[in-house]
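Working through the structure, step by step
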Amino acid sequence: MAKTSVDEVPVVSASAPSRRRRVPFAHAVRLPPRQAAASAARATRAWARRPSGRLTLPGLFLLALVAATAAAGALLVPATIRAPRTVAEDSSAGPSASAPSGLPSGPAPSGGLPSGYPNGGLPSGYPSGGLPSGYPSGGLPSGYPSGGLPSGGPGTGVRPSDALASWAQQVGAKVGIPAVAMQAYGYAQLMLEQTNRSCALSWTTLAAIGQVESGHGSANGARLGQDGKALPKIIGLPLDGKDGRMRIIDTDRGQLDGDSILDRAIGPMQFIPSTWQEIGADADNDGLKDPHDLDDAALAAGNYLCKGGRNLSIPTDWWNAILSYNDVRRYAQDVYDTANRYGRASRP
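Residues numbered from 1 in each chain as written. Predicted model: local features only at pLDDT ≥ 70, side-chain atom pairs only at ≥ 80, totals over all residues. Heavy atoms only, no water.

Digging into the packing of aromatic side chains
Filter applied, for reference: Geometry of aromatic contacts follows a simple scheme: Phe, Tyr and Trp rings, the Trp one being its six-membered ring, pair when their centres are within 6.5 Å, and the pair is stacked under 30 degrees between planes, edge-to-face over 60, tilted otherwise. To qualify as a helix, a DSSP run of H or I must reach at least 4 residues; to qualify as a strand, a run of E must reach at least 2; elements of each kind are numbered from the N terminus. Accessible area is worked out with a 1.4 Å probe on protein chains only. A residue is then buried under 20% of its type maximum, exposed over 50%, and partly exposed in between. Any Lys NZ or Arg CZ found within 6 Å of a ring centre and within 35 degrees of that ring's normal is scored as a charge over the ring.
Inspection of every chain in the model, using the stated rule, returns 7 aromatic pairs. Measuring from ring centre to ring centre gives 5.9 Å for W167 and W203, while their planes differ by 85°; the resulting arrangement is edge-to-face. Here W167 is found in helix 4 (residues 165-175), whereas its partner W203 is found in helix 6 (residues 203-214), with 36 residues between them in sequence. In this structure W203 comes out as buried when scored by relative accessible area, which is 0%. Geometrically, the ring pair formed by F271 and Y325 is edge-to-face, given 5.8 Å between the ring centres and 65° between the ring planes. In this pair, F271 is assigned in the loop between strand 6 (264-266) and helix 7 (273-279) and Y325 in helix 9 (residues 315-325), connecting sequence segments 54 residues apart. Across this residue pair, the class does not change: F271 and Y325 are buried. Each residue in the set F271, W276, Y304 and Y325 is aromatic and connected to the rest through ring pairs, giving one cluster. A cation sits over an aromatic face here: R341 above Y342, 5.4 Å from the ring centre.

See the structure below:
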């Protein structure tokens, strides 16, 4: 038998002598590319019309669609998770220290400070490594005991902040703050300089909060006594969720605010009872943590503002601290404006 070419296969017939038959598949291998593609397309269409093709093609299409959707999700979902989200202004808080213990969700500036901040910095008089304007150059106010902070104690009749009386009279007259309130704010700053110096708290910030919250203990017809206590006690409206106030169910059984149904803000610095129970202080060493005593309340407010390792000489930390006290943008701006005014007025 003679050799055959690659596309020729001998076919033996019983009634005819041996002859060669061309095999279509082998012949197609040597077709030009365009003809091969056309032939493949015709074969695919023919297969698609058969029962096996009608069942298989939809499945292949569905599989391709699922794969494409999964690929798109792999790209889009992580991008969405990483995208920055704006935080809506919370107008539900009332004029009081807020209950949350973590960092605020408020609008802390990301690229700078809000309009109204002079020269891109903090309020005038804010410490930048030292005491704010109005303090004598020696560091401590004139007349302050060189041996350190006075201790006082229950029954001694000594109010430690009385050591600041001379300074409080001088600076209070400039800024329009009663001397007894100035003593409380100044003493709180000096205490925190010893216990949490990295916080860099200024009395101007505490005084601004005291003014915005209660007019330095004069809200609702109250008067700040020489012992630093506001009488009659300053009790805020019930925190019932109305008129922009938060809704807070009673947390102290009415022991501090006299309301066993809802909480109310209390004292010259307007603390919520649950916050006072956490952060209350005894600044005058009388053995009591009294939210109605401005000495105690100012030091507690300072401790609250300094929570979380904040450095209040950093603008973002300063704003976060104020917003943690009351998470309302307008409130924070009012505190800033007041602190700035006090800093300017206290300059020598």
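Now that the structure has been shown, the text picks up again.
Some remarks on the pattern of salt bridges
So the rule is basically this: For salt bridges, the criterion is a side-chain nitrogen of Lys or Arg within 4 Å of an Asp or Glu carboxyl oxygen.
Under the criterion given, the structure shown has 8 salt bridges. One salt bridge connects D162 with R159, and the closest N-O pair in it is separated by 3.3 Å. For D162, a relative accessible area of 37% puts it in the partly exposed group. On the basis of relative accessible area, R159 is assigned to the buried category, the value being 8%. One salt bridge connects R264 with D259, and the closest N-O pair in it is separated by 2.9 Å. Given a relative accessible area of 23%, R264 falls into the partly exposed group. On the basis of relative accessibility, which here comes to 12%, the residue D259 falls in the buried class. When salt bridges that share partners are traced, they join R159, D162 and D295 into one network.

Notes on the state of the cysteines
To be explicit about the condition: Criterion for a disulfide: a pair of cysteine sulfur atoms at a distance within 2.5 Å.
Tallied over the full model, the rule gives 1 disulfide. Paired through a disulfide, C199 and C306 show a sulfur-sulfur distance of 1.9 Å. What sets the handedness of the C199 and C306 disulfide is the S-S torsion sign, and at about -80° it is left-handed. Of the two residues, C199 is situated in the loop between helix 5 (179-195) and helix 6 and C306 in the loop between helix 8 (294-305) and helix 9; the sequence distance between them amounts to 107 residues.

Considerations on helix 10 (residues 329-345)
In plain terms, the rule: Expected helix span is computed as 1.5 Å times (number of residues minus one). In what follows, residue pairs with any heavy atoms lying within 4.5 Å of each other are defined as contacts.
Spanning 17 residues, helix 10 covers 24 Å between terminal C-alpha atoms, matching the ideal 24 Å at 1.5 Å per step. Residues of helix 10 that are buried sit in contact with helix 4, helix 6 and helix 9.

Here's the deal with unusual backbone geometry
For the bond from L231 to P232, the omega torsion is -10°, close enough to zero to count as cis. Relative to the helices and strands, P232 is located in the loop between strand 4 (230-231) and strand 5 (235-238). Although it is not a glycine, H216 adopts a positive phi angle of roughly 60°. Its place among the elements puts H216 in the loop between helix 6 and strand 3 (223-224). Phi is positive for N220, which is not a glycine, with a value near 55°. By the secondary structure assignment, N220 is in the loop between helix 6 and strand 3. Classification of N220 by relative accessible area gives exposed; the value is 62%.

Looking at the confidence of the model for the chain
Rules: The predictor rates its confidence in each residue with pLDDT, a number between 0 and 100.
When pLDDT is averaged along the chain, the result is 72; 55% of the residues meet or exceed 70. Summarising per-element confidence for the chain, the mean pLDDT is lowest in helix 1 (residues 24-28) (41) and highest in helix 8 (98). This model gives residues 21-29 a pLDDT under 50, and the stretch forms 10 contacts once residues within four places in sequence are excluded. Long-range and interchain partners of residues 73-121, a stretch whose pLDDT sits below 50, account for 84 contacts in this model, where long-range means more than four residues apart.

Let's talk about helix 5
The first and last C-alpha atoms of helix 5 sit 24 Å apart over 17 residues, in line with the 24 Å expected at 1.5 Å per residue. Counted residue by residue, helix 5 has 14 buried out of 17 residues, so it is predominantly covered.

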